[in-house]
Amino acid sequence: FVMEKIKKSFLLTFVSFILVINYIYSINAFGLSMSYNDNDRPLIINSGEAKEIDFLLLSSARESDKRIRLDIIEGEEIAGLNKNEFDLPSNGEVAGFIKIKVPDFEEKKNNEYLVSILVRDITSSDNLGTVGFSFSSRISFIVKIQKSEEKLPESNINLYVFLSIILIMVILLLIVLIY
């Protein structure tokens, strides 16, 4: 009787896991990828320096071709886009860059800026005959200005977290293959 309950519980857990994986796979979306963010990976730049930050717009295979618009909604005094609108093909990627030009370092001033970008789907739905939702998201990163003579190390991705996620995925894959 106890063994029967354990089998039922395991089967329920396994089916739930498969349903979650299937749901995640079927998400239709596009995204923006860049090397910096507002949590643990700020852009550290020398006083008075200019730099181009590359980004990548990505689309899933289940998406149709999209027209994407980017707008800087915060930090426009130091940041500018190479262009605002991008044609993103299905299962494709498009590269762009953000130009950052920081002022000179001032001792008594806050030398950090938040740059926020609004990413919107502006694909026209004319003559499609359906009602849809447009997608938008916001991505941000911090720009820290340093004096030219000092060098602050840029933070990097925690390797242990990455390896732990890979290990968990391998264990789950082995469980699925065994049963």
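Residues numbered from 1 in each chain as written. Predicted model: local features only at pLDDT ≥ 70, side-chain atom pairs only at ≥ 80, totals over all residues. Heavy atoms only, no water.

(A) Representation of the sheet that holds strand E1 (residues 30-34) within the structure. Within the open sheet, the 4 strands sit side by side as E1-E3-E7-E5. Their pairing is antiparallel. Looking at the sheet topology across the chains shown, the edges are occupied by E1 and strand E5 (79-81). Along the sheet, successive strands turn relative to each other by an average axial angle of 25 degrees, direction set aside. As judged from the 9 bridges shared by strand E3 (residues 50-59) and strand E7 (residues 93-101), these two strands associate in the antiparallel manner. Paired with Leu57 across the strands is Val94, a residue of E7. (Pairing = 2+ DSSP bridges. Helix = DSSP H or I, 4+ residues; strand = E, 2+ residues; numbered from the N terminus. Axes fitted to C-alpha atoms, helices over the stretch in contact; angles between N-to-C directions.)

(B) Up close: the pairing of strand E4 (residues 66-74). With 4 bridges connecting them, E4 and strand E6 (residues 85-88) associate as antiparallel partners. Along E6, the bridge assignment pairs Ile68 with Phe86. Pairing between E4 and strand E8 (residues 112-121): 6 bridges, direction antiparallel. Along E8, the bridge assignment pairs Leu70 with Val119.

(C) Molecular detail of unusual backbone geometry. The phi dihedral of Asn91 falls on the positive side, at around 55 degrees, and the residue is not glycine. You can see Asn91 is positioned in the loop between E6 and E7. Take Asn91: its relative accessible area is 55%, and that puts it in the exposed class. (Buried < 20%, exposed > 50% of the residue type's maximum accessible area, 1.4 Å probe, protein only.)

(D) Summary view of the packing of aromatic side chains. Counting across every chain of the model gives 1 aromatic pair. When the centroid spacing of 5.8 Å and the interplanar angle of 85 degrees are considered together, the rings of Phe55 and Phe86 count as edge-to-face. Taken together, the residues span a long stretch of sequence, with Phe55 in strand E3 and Phe86 in strand E6 at a distance of 31 residues. According to the relative accessible area criterion, Phe55 is buried, its value standing at 4%. (Phe/Tyr/Trp six-rings, centres within 6.5 Å; stacked < 30°, edge-to-face > 60°.)

What is shown is where atoms sit, not what they do.
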